[in-house]
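Overview (structure and organization)
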Amino acid sequence: NKMVILKRYVTGFPSEDDMEVVTGTAHLAVPPGSAAMVVKNLYVSCDPYMRGRMTKHDRPSYVPDFVPGEVLVNFGVGKVMASGHPDFKVGDLVWGMTGWEEYTLVPKPETFFKINHPELPLSYYTGVLGMPGLTAWAGFFDVGKPKKGDYVFVSAASGAVGQLVGQLAKLTGCYVVGSAGSDEKVNLLKTKFGFDEAFNYKKEQDLDAALRRYFPEGIDIYFENVGGQTLEAVLDNMRVHGRIPVCGMISQYNLEQPEGVHNLFQVVAKRLRMEGFMVFDYFNQYYKFEEEMAGYLKEGKVSYVEDVADGLEKAPAALIGLFTGRNVGKQLVAVARE
Ligand code: NDP
């Protein structure tokens, strides 16, 4: 059983050396009488929040810290190889919280979701049809409360979540601008995902001026993925009664001292609603979301770009690449091709 373990807790920017690919014994059978299942992992997902789990916290975080010496865990797609659970049969395709390893013994299969559209690429269940897709859908519609004609800004716009937020905004009849960290990504936003405008934030000397250029009348919805200086520039460009679904703040995850945002009074002056949300609060709506999104994909209304690393050996570099912007689209790791 090839697996990726955490070698040591991380401070500051993570390195490949903080993780290690090792070989251990695989659990291929379910303990007699238990309701567990064994999953053969096909694809595992790389997600920014994993960085937080690599740090030792002195008070409980919203997800438990990883443990040095133990396998990393995250969402993945797998095939059931053995099961003592009445709802899961050998051969079922599922996605849920699994290990960065070839085979995982899942003690609570009921936390997994069944894959109802195996005719779509299975890897999509780490992205557009999985956790990031649900994040975009819930954050944009439930927290953002969009209306037709709204001016929408998305940061980290070409990523797993961002590319979907932009496309959902276009389907809603909004005007959408995205920012991303390379010209290649900006081009994708405009040509593949249908954003009205996009810009490379690394090439802008003055983010405030860039936002004024793209939003002369201000921003109604800012889908927040990065935090820091981007948030500060956005706050000055929000319209009265604007909404900011706070999905994440990736620019802060590797800083030992988070940056300050100096103009939070704009929340008062512009009567903004800035609201954090967590995707797991929406897991009870997953199958409704799956049907809606599978429909969009089949009708060609939504497209999705993935960045697939081949093999668990590539997983540490793929994870770290999220923090340098190396990934183009949803980063995942192919563990086994069925
Ligand atoms: P992405 O696929 O967007 O990958 C991360 C991207 O972030 C990189 O490609 C890079 O793109 C950008 N980035 C990295 N470092 C910085 C930086 N210092 N400043 C600005 N941009 C940076 O990741 P996801 O779509 O999976 O995640 C996007 C956000 O959503 C994250 O903040 C994540 O934590 C959050 N999230 C929150 C969830 C929730 O339940 N609240 C669930 C899932 C995700 P670029 O080249 O454009 O800079």
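Residues numbered from 1 in each chain as written. Predicted model: local features only at pLDDT ≥ 70, side-chain atom pairs only at ≥ 80, totals over all residues. Heavy atoms only, no water.

If you walk across this open sheet you meet the 6 strands as S10-S9-S8-S11-S12-S13, and the pairing is parallel. Pairing within the sheet leaves two strands with one partner each, and these edge strands are strand S10 (197-200) and strand S13 (273-276). Strand-to-strand twist in this sheet, taken as the mean axis angle between neighbours without regard to direction, amounts to 15 degrees. Direction of pairing for strand S8 (residues 151-154) relative to strand S9 (residues 175-180): parallel, over a ladder of 4 bridges. Directly across from Val 152, in S9, lies its bridge partner Val 176. Helix H5 (residues 207-214) contacts S8, S9, S10 and strand S11 (219-223) of the sheet and is inclined by roughly 165 degrees relative to S10. Helix H6 (residues 228-235) contacts S8, S11, strand S12 (238-246) and S13 of the sheet and is inclined by roughly 165 degrees relative to S11. (Pairing = 2+ DSSP bridges. Helix = DSSP H or I, 4+ residues; strand = E, 2+ residues; numbered from the N terminus. Axes fitted to C-alpha atoms, helices over the stretch in contact; angles between N-to-C directions. Contact = heavy atoms within 4.5 Å.)

Turning to the site of the ligand, a few remarks are in order. Around the ligand there are 26 residues in total, and Lys 185, Tyr 201, Tyr 253, Val 279 and Asn 327 lie nearest to it. A distance of 2.6 Å is found between an oxygen atom of the ligand and a side-chain nitrogen or oxygen belonging to Lys 185. At a separation of 2.6 Å, an oxygen atom of the ligand approaches a polar side-chain atom of Asn 327. A total of 920 Å² of accessible area belongs to the ligand in isolation, and the protein chains cover 90% of it. Class assignment for the residues of the shell around the ligand results in 17 nonpolar, 8 polar and 1 charged. Shared between two domains, the shell around the ligand takes at least three residues from each, and those domains are domain 1 (2-127 + 304-334) and domain 2 (131-280). (Near = heavy atom within 4 Å. Polar contact = N/O pair within 3.5 Å; in protein donor to acceptor, adjacent residues only side chain to side chain. Areas by Shrake-Rupley, 256 points an atom, 1.4 Å probe, with all protein chains shown as cover. Nonpolar A, V, L, I, M, F, W, Y, C, P; charged D, E, K, R; others polar. Domains from an automatic or database assignment.)

It is worth spelling out the side chain of Asn 74 at this point. Locating Asn 74 in the fold gives a position in strand S4 (residues 73-83). For Asn 74, a relative accessible area of 0% corresponds to the buried category. In terms of polar contacts, Asn 74 uses its side chain to reach the side chain of Asp 47, at 2.8 Å. Residues in contact with Asn 74, not counting those within four places in the same chain, are Ser 45, Cys 46, Asp 47, Tyr 49, Met 50, Gly 96, Met 97, Thr 98 and Trp 100. (Buried < 20%, exposed > 50% of the residue type's maximum accessible area, 1.4 Å probe, protein only.)

This paragraph deals with the domain arrangement of the protein. If you check the domain split of the protein, you get domain 1 (2-127 + 304-334) and domain 2 (131-280). Each of domain 1 and domain 2 has a C-alpha centre, and the two are 28 Å apart. Together, Tyr 304, Val 305 and Val 328 form the three largest contributors to the area buried by domain 1 at its contact with domain 2, with a combined 30%. At the boundary of domain 1 with domain 2, the tally comes to 6 residue pairs in polar contact (both at pLDDT 80 or more). Split into classes, the residues belonging to the side of domain 1 that touches domain 2 amount to 11 nonpolar, 8 polar and 3 charged. (Buried area = accessible area lost by both parts, 1.4 Å probe.)

Right, let's talk about H6 for a bit. Taking burial as the measure, the 8 residues of H6 include 6 buried ones, the bulk of the element. Three or more residues of H6 are buried, namely Gly 228, Thr 230, Leu 231, Ala 233, Val 234 and Leu 235. Residues of H6 that are buried in the fold lie against S8, H5, S11, S12, helix H7 (266-269) and S13.

With that settled, the discussion passes to unusual backbone geometry. The phi dihedral of Lys 145 is positive, around 45 degrees, even though this residue is not glycine. The residue Lys 145 is located in the loop between helix H2 (131-143) and S8 in this model. The class for Lys 145 is partly exposed, based on a relative accessible area of 46%. Phi is positive for Ala 156, which is not a glycine, with a value near 45 degrees. Classification of Ala 156 as partly exposed rests on a relative accessible area of 34%.

With respect to the helices and strands, Glu 217 occurs in the loop between H5 and S11. For Glu 217, a relative accessible area of 52% translates into the label exposed. C-alpha of Glu 217 to C-alpha of Tyr 151: the two residues are 66 residues apart in sequence and 8.5 Å apart in space. Residues within four places of Glu 217 in sequence aside, it is in contact with Tyr 151 and Arg 239.

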